[in-house]
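Structure assessment
The residues making up each chain are set out below.
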Amino acid sequence: MVDWELASRKNDHLDIVLDPHKARSAVTTGFDAYRFTHCALPELNLDEIDLGTRLFDRPLAAPLLISSMTGGPERAALINRHLAEAAQTLGIALAVGSQRIALQQGGDQGLTGELRRLAPDVPLLANFGAAQLVAGYGLDEARRAVEMIEADALIVHLNPLQEAVQAGGDRTWHGILSALENLVTHLAVPVVVKEVGAGLSGRVARQLLEAGVAVLDVAGAGGTSWAAVEAERARDEQQRAIARAFADWGIPTAESLRQVRAACPQATVIASGGIRDGIDAAKAIRLGADLAGQAAAALPGATESTEAVIAHFQVVIEQLRIACFCTGSADLASLRQAELLDATPLRCP
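Right, let's walk through the structure included here. What you see is a predicted model, and the numbers here were worked out from it, not measured in a lab. (Residues numbered from 1 in each chain as written. Predicted model: local features only at pLDDT ≥ 70, side-chain atom pairs only at ≥ 80, totals over all residues. Heavy atoms only, no water.)

Re helix 9 (residues 202-210)
Note the cut-off: Remark: exposure states derive from per-residue accessible area (1.4 Å probe, protein chains only) relative to the maximum for the residue type, with buried under 20%, exposed over 50%, and partly exposed in between. Each helix is a run of DSSP H or I of at least 4 residues and each strand a run of E of at least 2, with the numbering of both proceeding from the N terminus. The arc under discussion is defined with respect to the helix axis, by the directions toward the C-beta atoms. Two residues qualify as a contact provided that any one of their heavy atoms is within 4.5 Å of a heavy atom in the partner residue.
By the burial criterion, the buried members of helix 9 are Gly 202, Ala 205 and Leu 208. Summarising the axial view, the buried residues of helix 9 lie within an arc of 120°, below the 170-degree limit, and thus occupy one face. Of the exposed residues in helix 9, those oriented more than 90 degrees away from the buried face are Arg 203 and Glu 210. Elements that come into contact with the buried residues of helix 9 comprise strand 7 (153-158), helix 8 (176-186), strand 8 (191-195), strand 9 (215-217) and helix 12 (253-263).

In structure tokens, the structure reads:
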């Protein structure tokens, strides 16, 4: 049976995120505080720079993830088709939005095995919310989410702030860490845990890693603010005021990434949350990310066509390649050693 209230909420989310003036966080990612030292003598061939990496034993042509997006059940199917076709063409990873509606209704939103047939060679990541783990979901639902799209891994997303400010949101979060630990023990594919725009702290990242989580996506503040989104959706001024106060809440993406890498030096880490372009992606990799993820920046193209998504990420990839070139970095390993300066302006006493 269709949960029309949930479907309507997902449609609202999509409409609001497409308007950056409504959905944008009131804080910045923190990447502007850093600048690369320019290398005027790179001694490289730009076209030979190697951006390749791997995720879940699949090769990637560039260290990029099309991050989870959401939407109502009808138009989400077309969006997912465009994203899958683009990911396959570009050789980059794809994470789907929450599969909660699809799990409840039986596989619409374009979240079926067709997605794997459209993107047979790239990592596909299934997705549902952590709050569902203490509200009836368990290993069976996780397996269904993975099997539904023949995914390489399952994302479990953490969104306590969004749920707290959302009318009818999930307010019970007791026991999620132990439920996650049980899930990763028994699920046949790796589990990824991500925030949704408020960032992971080093302490929480360490807890997740010790629970057996395979990959951490910091999804920090500076991009879409789900508190701001819920303020736009609020049914009355009181609820709107509560949500709006948290539009600048969270750990900026660059700081979250720094904390997580320091706390978990051997972890596989994805940096998402306000990644604007290939230069931000390069800074994220230099600060410790293995991949950089984009969602909202790619969403307008995803609603239009596969070609629009491809064109968007081709720009990001070329920007990343030039950032490598102008730091004298022949590959991602070299980029991780590039000189990065603190560009924070000095204040006069």
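Some thoughts on the packing of aromatic side chains
Note the following rule: Pairing of aromatic rings covers Phe, Tyr and Trp, the last through its six-membered ring, and needs centres within 6.5 Å; plane angles under 30 degrees mean stacked, over 60 mean edge-to-face, and all others mean tilted.
Across all of its chains, the model carries two aromatic pairs by this definition. Aromatic pair Phe 128 and Tyr 137: ring centres 5.4 Å apart, planes at 85°, arrangement edge-to-face.

Some details on the pattern of salt bridges
Spelled out, the test is: Every case where a carboxyl oxygen of Asp or Glu lies within 4 Å of a side-chain nitrogen of Lys or Arg is listed as a salt bridge.
Counted by the stated rule, this structure contains 16 salt bridges. Across the salt bridge formed by Glu 210 and Arg 206, the nearest N and O atoms sit 3.4 Å from each other. With Glu 210 and Arg 206 both in helix 9 and four residues apart, the pair spans about one turn of that helix. Taking the shortest distance from any N to any O, the salt bridge between Arg 258 and Glu 255 comes out at 2.8 Å. Placement of the pair is Arg 258 and Glu 255 together in helix 12, with a separation of three residues, close to one helical turn. Owing to a relative accessible area of 41%, Arg 258 belongs among the partly exposed residues under this scheme. Each of Arg 81, Glu 85, Glu 114, Arg 117 and Glu 150 takes part in a single network of salt bridges with overlapping partners.

Regarding the nonpolar core
In summary, soluble globular proteins display a tendency toward joint burial of nonpolar side chains. What counts is decided by this rule: For our purposes a nonpolar core is just a set of buried Ala, Val, Leu, Ile, Met, Phe, Trp, Tyr and Cys residues, chained together by side-chain atoms within 4.5 Å.
Judged by nonpolar contacts, the single largest core of 84 residues is most densely connected at Leu 64, Leu 154, Val 156, Leu 216 and Leu 335. Apart from residues lying up to four places away in sequence, Leu 216 is in contact with Val 193, Leu 200, Ala 205, Leu 208, Leu 209, Val 260, Cys 264, Ala 267, Thr 268, Val 269 and Ile 270. Leu 60, Ile 155, Ile 270 and Leu 291 belong to the second-largest nonpolar core, a separate cluster that totals 13 residues.

Digging into the layout of surface pockets
The rolling of a water-molecule-sized probe over the atoms marks out the regions of remaining empty space. What counts here: Think of a 1 Å grid over the protein atoms and nothing else: a 1.4 Å probe that fits but is trapped marks a cavity, an open set flanked by protein within 12 Å on at least five of seven lines marks a pocket, and residues with an atom within 4 Å of a point count as lining. Grid points are joined across faces, edges and corners, and a volume is the space filled by probe spheres set on the points. Any residue outside Ala, Val, Leu, Ile, Met, Phe, Trp, Tyr, Cys, Pro, Asp, Glu, Lys and Arg is labelled polar, Gly included; the first ten of those are nonpolar and the last four are charged.
In this structure, the second largest pocket spans a volume of roughly 340 Å³. Leu 158, Pro 160, Trp 173, Val 204 and Gln 207 are the residues nearest the centre of the second largest pocket, which is lined by 16 residues in total. Those elements that place two or more of their residues in the lining of the second largest pocket are helix 8 and helix 9. The biggest single contributor to the lining of the second largest pocket is helix 9, with four residues. When grouped by side-chain class, the residues that make up the lining of the second largest pocket number 11 nonpolar, three polar and two charged.

A word on the packing of helix 9 against helix 12
What counts here: Axis angles are defined between N-to-C directions and span 0 to 180 degrees, where every axis is a line fitted to C-alpha atoms and, for a helix, only to the segment in contact. For classification purposes, an angle smaller than 35 degrees is called roughly parallel, one larger than 145 roughly antiparallel, one from 65 to 115 roughly perpendicular, and anything else oblique. Handedness of a crossing follows from how the near helix is turned relative to the far one, being left-handed for an anticlockwise turn of less than a right angle and right-handed for a clockwise one.
Running from N to C, helix 9 and helix 12 point in directions that differ by 45°, and their axes come no closer than 8 Å. Compared by their axis directions, helix 9 and helix 12 come out oblique. Like other packed secondary-structure pairs, helix 9 and helix 12 cross with a definite hand, here right-handed. Contacts from Gly 202, Ala 205 and Arg 206 of helix 9 reach helix 12 at Gln 259, Val 260 and Ala 263. Tallied by class, the residues present in the contact of helix 9 with helix 12 amount to three nonpolar, two polar and one charged.

Re the state of the cysteines
We count it as follows: Our working definition of a disulfide is a cysteine sulfur pair at a distance within 2.5 Å.
Tallied over the full model, the rule gives zero disulfides. Here Cys 324 stays free of any disulfide, with the sulfur of Cys 326 as its closest cysteine sulfur at 9.9 Å. Of the residues examined, Cys 324 reaches a relative accessible area of 0% and is grouped as buried. Unpaired in this structure, Cys 326 has its nearest cysteine sulfur neighbour in Cys 39, at a distance of 8.1 Å.

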